[in-house]
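Each chain, letter by letter, is given below.
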Amino acid sequence: MATVKHKILVLSGKGGVGKSTFSAQLSFALAAMDFQVGLLDIDICGPSIPKMLGLEGQDIHQSNLGWSPIYVESNLGVMSIGFMLPHPDEAVIWRGPRKNGIIKQFLKDVYWGELDFLVVDAPPGTSDEHISIVQFLQATGIDGAIIVTTPQQVSLIDVRKEVSFCKKVGINVLGVIENMSGLSQPLSAFQFKRMTMNGEEEDLTEWVMSCLKEKAPEVLNLVACSEVFDSSGGGAAKMCSEMGVPFLGKVPLDPQLCKAAEEGRSCFSDNKCGVSAPSLKRIIEKLVSTQMAERMDDVA
Amino acid sequence: MQNGSYGEIPEDANEHCPGPQSESAGKSNSCAGCPNQEACATAPKGPDPDLVAIAERMATVKHKILVLSGKGGVGKSTFSAQLSFALAAMDFQVGLLDIDICGPSIPKMLGLEGQDIHQSNLGWSPIYVESNLGVMSIGFMLPHPDEAVIWRGPRKNGIIKQFLKDVYWGELDFLVVDAPPGTSDEHISIVQFLQATGIDGAIIVTTPQQVSLIDVRKEVSFCKKVGINVLGVVENMSGLSQPLSDFQFKRMTKNGEEDLTEWVMGCLKEKAPEVLNLIACSDVFDSSGGGAAKMCSEMGVPFLGKVPLDPQLCKAAEEGRSCFSDNKCGVSAPSLKRIIEKLVSTQMAERMDDVA
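Because the structure is a prediction, the values reported are computed rather than measured.

Parameters and conventions
- Residues numbered from 1 in each chain as written.
- Chains lettered and ligands numbered in written order.
- Predicted model: local features only at pLDDT ≥ 70, side-chain atom pairs only at ≥ 80, totals over all residues.
- Heavy atoms only, no water.
- Helix = DSSP H or I, 4+ residues; strand = E, 2+ residues; numbered from the N terminus.
- Rg over C-alpha atoms; globule rule 2.2 N^0.38 Å.
- Buried < 20%, exposed > 50% of the residue type's maximum accessible area, 1.4 Å probe, protein only.
- Contact = heavy atoms within 4.5 Å.
- Areas by Shrake-Rupley, 256 points an atom, 1.4 Å probe, with all protein chains shown as cover.
- Lys, Arg positive; Asp, Glu negative; His and termini not counted.
- Charge placed at Lys NZ, Arg CZ, Asp CG, Glu CD.
- Axes fitted to C-alpha atoms, helices over the stretch in contact; angles between N-to-C directions.
- Left-handed = near helix turned anticlockwise from the far one by under 90°.
- Nonpolar A, V, L, I, M, F, W, Y, C, P; charged D, E, K, R; others polar.
- Buried area = accessible area lost by both parts, 1.4 Å probe.
- Salt bridge = Lys/Arg side-chain N within 4 Å of Asp/Glu carboxyl O.
- Pairing = 2+ DSSP bridges.
- UniProt positions renumbered as here; feature names shortened; annotations may be inferred.
- 1 Å grid on protein atoms, 1.4 Å probe; cavity = no way out; pocket = protein on both sides within 12 Å on 5 of 7 lines; lining within 4 Å.
- pLDDT = per-residue confidence, 0-100.

> Please provide a residue-by-residue account of the overall build of chain A, values included.
A tally of regular secondary structure across chain A gives nine helices and 14 strands. Since a compact globule built from 300 residues should have a radius of gyration of about 19 Å, the 21 Å found for chain A is in line with a globular shape. Taking all 300 residues of chain A together, 62% fall into the buried category. Put simply, of all contacts in chain A between residues at least 6 apart along the chain, 77% involve residues at least 24 apart. In the form shown here, chain A has an accessible surface area of approximately 11700 Å², with 50% of it arising from carbon and sulfur atoms. If you average the places of the 27 positive and of the 36 negative side-chain charges in chain A, the two averages end up 5 Å apart.

> Break down the packing of helix α3 (residues 96–108) of chain A against helix α4 (residues 128–137) of chain A for me, with residues and values.
Residue and element names in this part refer to chain A. The geometry of α3 relative to α4 is characterised by a closest axis approach of 9 Å and an angle of 35° between their N-to-C directions. The interaxial crossing formed by α3 with α4 has right-handed handedness. The residues of α4 that touch α3, namely those facing Gly-96, Lys-99, Asn-100, Ile-103, Lys-104 and Leu-107, are Asp-128, Glu-129, Ser-132, Ile-133, Phe-136 and Leu-137. Within the contact of α3 with α4, the residues separate by chemical class into five nonpolar, three polar and four charged.

> Provide a residue-level description of the interface of chain A and chain B, including the pertinent values.
The partner chain B presents 80 residues to the 75 residues of chain A that form the contact. In this assembly, chain A packs against chain B so that about 6700 Å² is buried in total across both faces, 60% of it on carbon and sulfur atoms. The largest per-residue losses of area from chain A upon contact with chain B belong to Ile-93, Arg-95 and Lys-161 of chain A, which jointly make up 13% of the total buried on that side. Measuring nitrogen to oxygen at the nearest pair gives 3.9 Å for the salt bridge that ties Lys-259 of chain A to Asp-286 of chain B. For the side of chain A that touches chain B, the leading source of residues is helix α5 (residues 153–169) of chain A, giving nine residues. Each residue belonging to the side of chain A that touches chain B can be placed in one class, and the counts come to 38 nonpolar, 17 polar and 20 charged. In this sheet, strand β11 (residues 248–253) of chain B lies alongside strand β13 (residues 223–226) of chain A in antiparallel orientation, the contact comprising three bridges. For Ala-224 of chain A, the partnering residue across the bridge sits in β11 of chain B and is Phe-249 of chain B.

> Can you explain the sheet that holds strand β7 (residues 115–121) of chain A? Please cite residues and give values.
Residues and elements named next belong to chain A. Sheet architecture is open: eight strands sit in the order β5-β6-β2-β7-β1-β8-β9-β14, paired in mixed fashion. Each edge of the open sheet is held by one strand with a lone partner, namely β5 (70–73) and β14 (247–250). Strand-to-strand, the axes of this sheet are offset by a mean angle of 20°, without reference to chain direction. Running at roughly 170° to β7, helix α1 (residues 19–32) makes contact with β1 (4–11), β2 (37–41), β5, β6 (76–79), β7, β8 (144–149) and β9 (173–178) of the sheet.

> Run through the UniProt feature "binding site: [4Fe-4S] cluster" (unreviewed entry) in chain B, naming residues and quoting values.
Residue and element names in this part refer to chain B. When the UniProt feature table is mapped onto this chain numbering, "binding site: [4Fe-4S] cluster" (unreviewed entry) sits at Cys-17, Cys-31, Cys-34 and Cys-40. The greatest C-alpha distance among the residues just named is 10.7 Å, despite their covering 24 residues of sequence, which places them together in space. Restricting the annotated residues just mentioned to those that line the second largest cavity leaves Cys-17, Cys-31, Cys-34 and Cys-40. For Cys-17, the location among the structural elements is in the segment before α1 (37–42). Among the secondary structure elements, Cys-34 is positioned in the segment before α1. Its relative accessible area of 12% is what places Cys-34 among the buried residues.

> Give a detailed account of the environment of Ser-105 of chain B, specifying residues and quantitative values.
Inspection of the secondary structure puts Ser-105 of chain B in the loop between β2 (94–98) and α4 (106–109). What makes Ser-105 of chain B buried here is its relative accessible area of 5%. When the C-alpha atoms of Ser-105 of chain B and Glu-318 of chain B are compared, they prove to be 9.8 Å apart, with 213 residues separating the residues in sequence. If near-sequence neighbours (up to four positions away) are discounted, Ser-105 of chain B is found in contact with Lys-14, Val-154 and Asp-158 of chain A together with Ser-77 and Asp-98 of chain B.

> Pulling in residues and values, what's your account of the confidence of the model for chain B?
Residues and elements named next belong to chain B. On average, residues of chain B score 88 in pLDDT, and 92% of them reach the 70 mark or higher. Here residues 1–6 scores under 50 on pLDDT; set against residues more than four positions off or in separate chains, the count is 20 contacts. Interface predicted TM-score (ipTM) for the complex: 0.88; the corresponding pTM is 0.88.

> Could you give an account of the pattern of salt bridges, naming the residues involved and the relevant values?
Tallying each qualifying case throughout the model produces 32 salt bridges over all chains. The closest approach of N and O atoms between Lys-51 of chain A and Glu-56 of chain A, which form a salt bridge, is 3.3 Å. On the accessibility criterion, Lys-51 of chain A (9% relative accessible area) is buried. Classification of Glu-56 of chain A as partly exposed rests on a relative accessible area of 46%. In this structure, the salt-bridge partner of Lys-337 of chain B is Glu-341 of chain B, at a minimum N-O distance of 3.1 Å. With a gap of four residues between them, Lys-337 of chain B and Glu-341 of chain B both fall in helix α12 (residues 333–355), about one helical turn apart. The partly exposed category is assigned to Lys-337 of chain B, whose relative accessible area is 44%.

> Could you give an account of the UniProt feature "binding site: ATP" (unreviewed entry) in chain B, naming the residues involved and the relevant values?
Mapped onto the present numbering, the UniProt feature "binding site: ATP" (unreviewed entry) falls on Gly-70, Lys-71, Gly-72, Gly-73, Val-74, Gly-75, Lys-76 and Ser-77 of chain B. Along the chain, Gly-72 of chain B falls in the loop between β1 (61–68) and α3 (76–89). According to the relative accessible area criterion, Gly-72 of chain B is buried, its value standing at 9%. Contacts of Gly-72 of chain B, omitting those with residues within four sequence positions, involve Gly-15 and Gly-16 of chain A together with Pro-181 of chain B. One can find Lys-76 of chain B in helix α3. Contacts of Lys-76 of chain B, omitting those with residues within four sequence positions, involve Val-67, Leu-68, Ser-69, Lys-71, Asp-178, Ala-179, Pro-180, Pro-181 and Val-205 of chain B.

> Any details on unusual backbone geometry? Residues and values, ideally.
All names here are of chain A. One non-glycine residue, Val-228, lies in the positive phi region at around 60°. Among the structural elements, Val-228 can be located in the loop between β13 and α7 (235–243). Given a relative accessible area of 2%, Val-228 falls into the buried group.

Rendered as structure tokens:
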């Protein structure tokens, strides 16, 4: 870890909030800024990172320097147990100690080389993987943790626990991101249905589209928004102010971002993720400038 | 000592290790110098006596159903909660056991936040939502809800064992067990603890996108490997369905967004009112991979059905309500109802086959 300048953990108390999606897009963005980036996936039971970087089916090779990360770009290397499974359907049914062992190997035996950023994508929770990564890395310094959540209270309950975990083990919370913060999609991208008496659905999309084109065309290219995940509890911003941690921003629920994740693409590489990419970009730029400023303070 | 899964030879054991459960474990010649030697020599061998206590508690439980997923955040706890509400409404005696130790969602989803567990001479008492729906979760045992439960595997296994051994569930028709995502300590343990007394099967919850299905395939493999019957797979968040009138409308400008909801509503009411009470649907989570139905046919497990992403269902979960108690969850409740009725009729049919 001596050749790694910044180490960032991506955590959440809650599953399925977008940790891996964020870790992947953060890594793409940092690499596009010409940093040397390593992305380490420590979710042993459900490793999502290979898919999200378009690296399914790749194998790990060893050199005399150690295990080699899989390179998406020359400056973006990835490591995950996903690359070590003989068959993708095979379950990794391991208890804690064995999971801890492989995480240790990822840090000890992988030749990461000179890195500006090592992004560590964790599974949800506050258990073996989390305790271990902190224990293994703390001596060499962890810059901090980014915590991802969704707006609803049932996520915030778990995320508060994650903030408590960070405080307890002495990890700096770089900030919290509220993901899936409302669905935003052009109205023309929706389908329209009517529920009939017998509980069946009638697809009326074509009819609605021509009706709107004829009678109210100005409405068609607007963006339709739905909260989806209730934020009446105040969402992540309120939680952050209560717990005294920075709020980094909101990222809307964008079907195009889901698609990019499924296809292993950067959401910044084209203009498809028009709804989510700007928010992500703002958050990442804020993070990097804070990190760089701290670095210069250290050097000065 | 918990170095591997089940009783297998630990990774750091000596060559010719007799196995940690063997009579000569820790004492044979091949054990000399092994890091596990002392643990093996002193650990109790043979069947776990706590399993006897668990069997006694579980003797009064007719059906045990695990709710699993490889992936987090797909709606396991939401489904477990609504399943429990529905079964209780059908007049069954229901127990809901939350074995997610780090992120227990069940207390919130049943409207039971802040409740404490009481003990009687019969054991720990579940918290009762209704007289026929009792709930147990570590969420009831935390001094403060923000407090993280930072436990490694063995300690989590211990509390799960206590939930089975020390809780007085009484006579139950159904024990629904809500698990965290994954295939690790909690999952291995619940299977080990309950298998002797019979697990009817597992319901696996997923969302449509491939990144969920990858993990869920692993969960199906887990079930096959440990001998748990897969009762079926539920595809949750299967497209957002919401009345058009519930949306807001915005225009994206250079500096941000402009809220045009009022204007749009007025415009539609005037020019195209027939459109307003239709349901607008969006895929949200890409299902071009074929979704759960295709995965089920490939892996040979039953597909139970789809439940749409319904903001009203999210709200019901937040408020600890049954989605069947009113008509608000018009989009999701019918689908959930169909799935649950299918499950119950299969379970009851199997029971009658056993009795006959």
